[in-house]
Amino acid sequence: MGDTESCSSRVFDSGWNQNRKQMQKVEIYNQVLCRLRELNVPEAVIPGFEDELWAHFYRLPTRYALDMNVERAQDVLVHKRLLHIARATATGTGPAVEVRLVQVCSASGARCSKSLHSNSQSKVSPQDSDIPDNMRHDYCLKLLFLFITFHPTTYGRPMHEITISTNDKPKLLSQLTSLLSETGLDIQEAHAFSTMDGYSLDVFVVGGWAVEETEKLKYVLAKKIQKLENQPQLKENGSLPTAEQEQTMMNFISGHVNLPTCGNDVWKIDARCLRYEKKIASGSFSDLYKGTFCNQDVAIKVLKGENLNENIQKEFAQEVYILSKIQHKNVVKFVGACTNPPNFYLVTEYLSGGSMYHFLRMQKTVLALPSLLNIAIDVSEGMKYLHENDIIHRDLKAANLLIDENGVVKIADFGVSRVHDQSGIMTAETGTYRWMAPEVIEHKPYDYKADVFSFAIVLWELLTGKLPYERLSPLQAAVGVVQKGLRPKIPKHTHPKLVELLHRCWHQDPSFRPNFSEILEFLLHVTKTVNGECEDEGNEC
């Protein structure tokens, strides 16, 4: 089997449940492997299959394993094959789509374990042996359809299960659900998974299509998904639209015009697929809930109606606009939004690790240096991507850094972010005082380097686990930063290279601060040095 310890290599020093989740994934992997061998599946005895199967489980989230029905272990082989096809799409293989009939129990609406595709062992009468092989499958399906029609409580009802794999990208789940609805399908159940290497695996159970026309459905969907894949997407280092287009978004949120730059509004959420579970945070202008969208765990930010003034709506519009245009492994993933007054809510992926702010305060000891460097590198990579796409975050702090189930840190909360004016003139006092650059506090022109200053304060948070200037009020801290050059006290025994980086990043003069490309290169070099020191000393640091 593969290196199961690699899944938890990023786990922080304490208070983490990753090992438990990892063991659950390994246990289900073993059950699936045993079941495939019990079924005498030829692929399961090929040398190297164990490693290939583990690689499949490893690249998908733990939720995939927990959702797996071991009795339907062969589904894993279908998923594995579709992901392989998706990876080969660039060579002209085409979209990876699988469609088959499944039985849905009429009492509960839950999917039964038995599928009704061509491999099913459906019972037929002895006379059916006279039917030619090339007609047997369709004939059996028609008999089954008639039987279910007249005996629905005995057998349940057939529906189509659609499995799609393609390159993961912003708004994909919304695009697929819209595509299925436009095809005349009624979505009964949906499961969405993203792999670690940038692919998606989405499973839908749908009604609304003739039972005997399964192959036709597959053909229709393949054609439509191919068109979807050929639509132009924002490139990794591409620029965002102009200030004029940005204003269009602001107008849109007030209901004046339709937004022309968001791909036919495919990011809009179908409220019927959204479920609220519990409130996890509350602020002056919005509440945050944990919920699900098409069985995918999500975070739902809901604007409060009583405080819904024009400025709040504009900030909401800006956040939707920016998130709908970006995708990076270290930036929270956008799912969709509702922009129909008076209902304003924004949906993103749910990150089970919570915020870095709360995590740091749960720790009884400071972070080990390798863990700290991993976090700083994650933040630097995310910020480098944002700056390359002309986005200034303007509120970078530990509370706006979220942690996923694998310990990867992602930048969140783009409520006060904006597309950078190419003139470089930005003077609004925006952000949080304790993390705010002096030029922002003073209402002077500022640029990307304001985020670099905030990053230095975040780095200090990682070193100490404390609130910056905790004995001062926010206003006192701001005055000290501007008038006295006040900075948080760097702990003793901090690695000299990190001390150097802090001084460079929080320099009073923005022109002396490095950009995030330089910061990332610097941190990678420090990481290499630290790992070498640990090996020389014969310990794990």
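Provided above is the structure to which this section pertains.
Residues numbered from 1 in each chain as written. Predicted model: local features only at pLDDT ≥ 70, side-chain atom pairs only at ≥ 80, totals over all residues. Heavy atoms only, no water.

**A closer look at the nonpolar core**
This is how it is decided: What we call a nonpolar core is a set of buried Ala, Val, Leu, Ile, Met, Phe, Trp, Tyr and Cys residues that are connected through their side-chain atoms within 4.5 Å. Only protein chains enter the accessibility calculation, which uses a 1.4 Å probe; a residue whose area is less than 20% of its type maximum is buried, one above 50% is exposed, and one in between is partly exposed. Secondary structure elements are defined from DSSP: runs of H or I of at least 4 residues count as helices, runs of E of at least 2 residues count as strands, and each element is numbered from the N terminus. Any two residues having at least one pair of non-hydrogen atoms within 4.5 Å are treated as being in contact.
Core analysis: the biggest nonpolar cluster contains 72 residues, and Ile326, Met356, Leu386, Phe414, Phe455 and Leu523 have the highest contact counts within it. If one sorts the elements of this core by residue count, helix α14 (residues 449–464) sits on top with 11 residues. Discounting residues that sit within four places of it in the chain, Leu386 has contacts with Ile326, Val331, Ile391, Ile411 and Phe414. Judged by nonpolar contacts, the second largest core, of 31 residues, contains Phe204, Ile269, Cys273 and Cys338.

**Brief notes about the pattern of salt bridges**
To keep it simple, the criterion reads: When a carboxyl oxygen of Asp or Glu lies within 4 Å of a side-chain nitrogen of Lys or Arg, that pair is called a salt bridge.
Taken as a whole and assessed by the stated rule, the structure comprises 22 salt bridges. One salt bridge connects Lys301 with Glu319, and the closest N-O pair in it is separated by 2.8 Å. With Lys301 in strand β8 (residues 296–303) and Glu319 in helix α10 (residues 310–323), this residue pair connects regions lying 18 residues apart in the sequence. Here Lys301 matches Glu319 in class, with each residue buried. Here Lys329 makes a salt bridge to Glu381, at a shortest N to O gap of 2.6 Å. On the criterion of sequence distance, the pair formed by Lys329 in the loop between α10 and β9 (334–340) and Glu381 in helix α12 (residues 369–388) is long-range, its members being 52 residues apart. Residue classification places Lys329 among the partly exposed positions, given a relative accessible area of 48%. Among the charged side chains, a salt-bridge network with shared partners connects Arg72, Asp75, Arg100 and Glu161.

**Topic: the packing of aromatic side chains**
This is how it is decided: Any Phe, Tyr or Trp ring, taking Trp's six-membered ring, that has another such ring centre within 6.5 Å forms a pair; planes under 30 degrees apart are called stacked, those over 60 apart edge-to-face, and the others tilted. Note on criteria: charge over ring means Lys NZ or Arg CZ within 6 Å of the ring centre, with the direction from the centre no more than 35 degrees off the ring normal.
In total, this model carries seven aromatic pairs according to the counting rule given. Put simply, the rings of Tyr29, Trp54, Phe57, Tyr64 and Phe193 touch in pairs and so form one group of aromatic residues. The positively charged end of Lys290 is found above the aromatic ring belonging to Tyr350, 5.1 Å away from the centroid. In this structure, Arg361 packs its charged tip against the face of Tyr357, placed 3.7 Å from the ring centre.

**Looking at the side chain of Asp404**
Selection criterion: Here a polar contact is recorded for every N or O atom pair within 3.5 Å, except that within protein the pair must consist of a potential hydrogen donor and a potential acceptor, and residues adjacent in sequence are included only if both atoms are side-chain atoms.
Examined against the element boundaries, Asp404 turns out to sit in the loop between β12 (401–403) and β13 (409–411). Among the polar contacts made by the side chain of Asp404, one reaches the main-chain amide nitrogen of Asn406 at a distance of 2.8 Å. Engagement of the side chain of Asp404 in a polar contact is seen with the backbone nitrogen of Val408, the distance being 2.8 Å.

**Examining α14**
How we decide: A helix is expected to span 1.5 Å multiplied by its residue count minus one.
Counted at 1.5 Å a residue, the expected span for α14 with its 16 residues is 22 Å, and the 23 Å between its end C-alpha atoms agrees. The element α14 is largely enclosed, with a buried count of 16 among its 16 residues. Once α14 finishes, Gly465 follows within two positions and takes phi at roughly 75°, a positive value.

All quantities given are derived from atomic positions and should not be read as evidence of function.
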